[in-house]
Amino acid sequence: MTDRKPSPADINALDVTPGEAAKINAIAHPLLADPAPDADDRLVRIESTLDGVVFVTINRPSKRNAFDAATIAALYEAFETLHGADHVRVVFIRGAGGTFSAGADLEWMRDAADWSESDNRSDAMGLAKMLKALHDIPALTVALVEGAAMGGGAGIVAACDMAVAVKGTKFAFSEVKLGLIPATIAPYVIEAVGARTARALFMTADLFEADAARAYGLIGHVLPDAAAIGPFVSDFVKGLKACAPGAMGDAKRLVHDVAHEKVDHGLMEDTARRIAHARTSVEGQEGVRAFLDKRKPRWAE
């Protein structure tokens, strides 16, 4: 494939008129984002507070936060850094400029079309590793979604522990319209929405909004508008202060390790070992004693 704009034949393949294609090219299609000069800022911003709140922001607003290899690498580095960060309670993932992510950058896709299968496999592993790094962050991860989350962008949403979206936010897994499949994001989407819903979304490539995303299980809450994001974050963080940071991480690992496992003697022994360790841990001792003494535990003060 050469460096060119989509032809009329390409547009016809997407079953839309040229006018509609111009409107959706940058947002409503998961793999097409019009090229534009990048801002001078870093591709990914990381901000943190003293009370253990981290914000990871995809920072390509001029491209509606579509990602390329460099952005994926920057996200991977950010998520890997958070694996060893102490005292982090929650990590919020968001996009700059009112759009979560339009999916993959057009120029990146054009380059990939000329690569060998081996080169494409190596490139796809970058996205797979980034999603796994996000999924495995010990702290609670929350996607704050507005505007659109398409293709791989919706995959990032699925890889988070939970997600909220502004009403009217658009989602799609439209890869099949390009003759492709949503392969690297599939494990996380299937975990979030279930196999049957994933089959329908992947095979029809339907565009859907936040209310439907909530019904599918891709997001947990729908916010009335973008102005509600700040108050949501504030209230959510306030509620988390009652939770012991170490126990939160252990609870997340518990779900990862126990999900889909057969309940046999080995699993029973493992879960008994985990709760025994928690009861005798510093946090466990402090939490129980604080409850019995009718006071706040130290982490909640």
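Residues numbered from 1 in each chain as written. Predicted model: local features only at pLDDT ≥ 70, side-chain atom pairs only at ≥ 80, totals over all residues. Heavy atoms only, no water.

With an unreviewed UniProt entry as reference, the protein is termed Methylglutaconyl-CoA hydratase, source organism Brevundimonas basaltis. What UniProt records for the protein under Sequence similarities (unreviewed entry) is the sentence "Belongs to the enoyl-CoA hydratase/isomerase family." (UniProt positions renumbered as here; feature names shortened; annotations may be inferred.)

S.K.: Please explain the side chain of Thr 141 as it appears in this structure.
M.R.: Tracing the sequence through the fold places Thr 141 in strand E4 (residues 140-145). Apart from the residues within four sequence positions on either side, Thr 141 is in contact with Val 91, Leu 134, Ala 159, Cys 160, Asp 161, Met 162 and Lys 252. (Helix = DSSP H or I, 4+ residues; strand = E, 2+ residues; numbered from the N terminus. Contact = heavy atoms within 4.5 Å.)

S.K.: What is the right way to read the sheet that holds strand E8 (residues 207-209) from this model?
M.R.: Strand pairs in the sheet, formed through backbone hydrogen bonds, run parallel or antiparallel to each other. In space, the three strands of this open sheet follow the order E5-E7-E8, with mixed pairing throughout. In the strand order of this sheet, the two ends are held by strand E5 (148-150) and E8, each with one partner. Within this sheet the neighbouring strands show an average axis-to-axis angle of 20°, counted without direction. (Pairing = 2+ DSSP bridges. Axes fitted to C-alpha atoms, helices over the stretch in contact; angles between N-to-C directions.)

S.K.: What should I look at first to understand the layout of surface pockets in this one?
M.R.: Think of a ball as big as a water molecule: rolled over the atoms, this probe shows where empty space is left. Here the second largest pocket is characterised by a volume of approximately 530 Å³. Lining of the second largest pocket is provided by 22 residues; of these, Ala 247, Asp 250, Arg 274, His 277 and Ala 278 occupy positions nearest its centre. Looking at the lining of the second largest pocket, the elements that each hand over two or more residues are helix H11 (245-258), helix H12 (265-280) and helix H13 (282-292). (1 Å grid on protein atoms, 1.4 Å probe; cavity = no way out; pocket = protein on both sides within 12 Å on 5 of 7 lines; lining within 4 Å. Points joined across faces, edges and corners; volume = space filled by probe spheres on them.)

S.K.: Could you clarify how one ought to interpret helix H6 (residues 152-159) in this entry?
M.R.: Side chains that are three or four residues apart share a direction in an α-helix, a result of its 3.6 residues per turn. Buried residues dominate H6, accounting for eight of its eight residues. Taken residue by residue, H6 has Gly 152, Gly 153, Ala 154, Gly 155, Ile 156, Val 157, Ala 158 and Ala 159 as its buried positions. (Buried < 20%, exposed > 50% of the residue type's maximum accessible area, 1.4 Å probe, protein only.)

S.K.: How should the packing of aromatic side chains be read in this particular structure?
M.R.: Pairs of aromatic rings are described using the distance from one ring centre to the other and the angle between the two planes. For the structure shown, the criterion picks out seven aromatic pairs. Seen in terms of ring centroids, Phe 173 and Phe 202 are 5.4 Å apart; in terms of plane orientation they differ by 70°. Their pairing is edge-to-face. Residue Phe 173 is located in the loop between strand E7 (170-172) and helix H7 (186-193), and its partner Phe 202 is located in helix H8 (residues 195-204); the two are separated by 29 residues in the primary sequence. Given a relative accessible area of 1%, Phe 173 falls into the buried group. Residue classification places Phe 202 among the buried positions, given a relative accessible area of 12%. For the pair Phe 232 and Phe 236, a centre-to-centre distance of 5.5 Å together with 25° between the ring planes defines the contact as stacked. (Phe/Tyr/Trp six-rings, centres within 6.5 Å; stacked < 30°, edge-to-face > 60°.)

S.K.: Could you clarify how one ought to interpret the nonpolar core in this entry?
M.R.: Across soluble globular proteins, nonpolar side chains have a tendency to be buried as a group. Val 56 and Phe 171 are the most contacted members of the largest nonpolar core, which totals 49 residues. If sequence neighbours within four positions are ignored, Phe 171 has contacts with Val 145, Ala 149, Met 150, Ala 165, Asp 206, Leu 207, Phe 208, Glu 209, Ala 210, Ala 213, Leu 218 and Ile 219. Residues Val 53, Leu 140, Leu 144 and Leu 223 belong to the second largest nonpolar core, which totals 18 residues. (Core = buried A, V, L, I, M, F, W, Y, C linked by side-chain atoms within 4.5 Å.)

S.K.: Mind showing me how you'd approach unusual backbone geometry here?
M.R.: Across the chain, the bulk of peptide bonds are trans and the bulk of non-glycine residues have phi less than zero. The phi torsion at Arg 64 lies on the positive side, around 55°, for a residue other than glycine. Mapping Arg 64 onto the fold places it in the loop between strand E2 (53-58) and helix H3 (69-83). The partly exposed category is assigned to Arg 64, whose relative accessible area is 31%. Located in the positive-phi region is Asn 65, a residue other than glycine, with phi close to 60°. Note that Asn 65 resides in the loop between E2 and H3. The exposure class of Asn 65 is buried, given its relative accessible area of 0%.

S.K.: So what exactly am I meant to see when it comes to a nonpolar patch on the surface here?
M.R.: Side chains of Val 288, Phe 291 and Leu 292 sit close together on the surface and give an oily, nonpolar patch of about 370 Å² of accessible area. Its location among the elements puts Phe 291 in helix H13. On the basis of relative accessible area, Phe 291 is assigned to the exposed category, the value being 68%. (Patch = residues over 30% accessible without salt bridge, like charges linked within 9 Å, V, L, I, M, F, W, Y side chains within 5 Å. Areas by Shrake-Rupley, 256 points an atom, 1.4 Å probe, with all protein chains shown as cover. Salt bridge = Lys/Arg side-chain N within 4 Å of Asp/Glu carboxyl O.)

S.K.: Where do I start with the confidence of the model for the protein in this structure?
M.R.: Detailed reading of the predicted model is not advised wherever pLDDT is low. For the protein, per-residue confidence averages 85 on the pLDDT scale, and residues scoring 70 or more make up 86% of the total. Predicted confidence for residues 1-41 stays below pLDDT 50, and this span has 81 contacts to residues more than four positions away or in other chains. (pLDDT = per-residue confidence, 0-100.)

S.K.: Teacher, can you tell me more about the environment of Leu 140 here?
M.R.: Along the polypeptide, Leu 140 turns up in strand E4. A sequence separation of 87 residues divides Leu 140 from Val 53, and the C-alpha atoms of the two residues are 9.9 Å apart. Once residues within four sequence positions are removed from consideration, Leu 140 is found in contact with Arg 89, Val 90, Val 91, Asp 161, Met 162, Phe 236, Leu 240 and Met 248.

S.K.: How should the pattern of salt bridges be read in this particular structure?
M.R.: Opposite charge on two side chains permits pairing when their charged atoms draw close. The full count for this structure, using the stated rule, is 16 salt bridges. The closest approach of N and O atoms between Asp 270 and Arg 273, which form a salt bridge, is 2.7 Å. Residue Asp 270 and its partner Arg 273 are located together in helix H12, separated by three residues, close to a single helical turn. What emerges from the salt-bridge pattern is a single network uniting Arg 60, Lys 63, Asp 68 and Asp 105.

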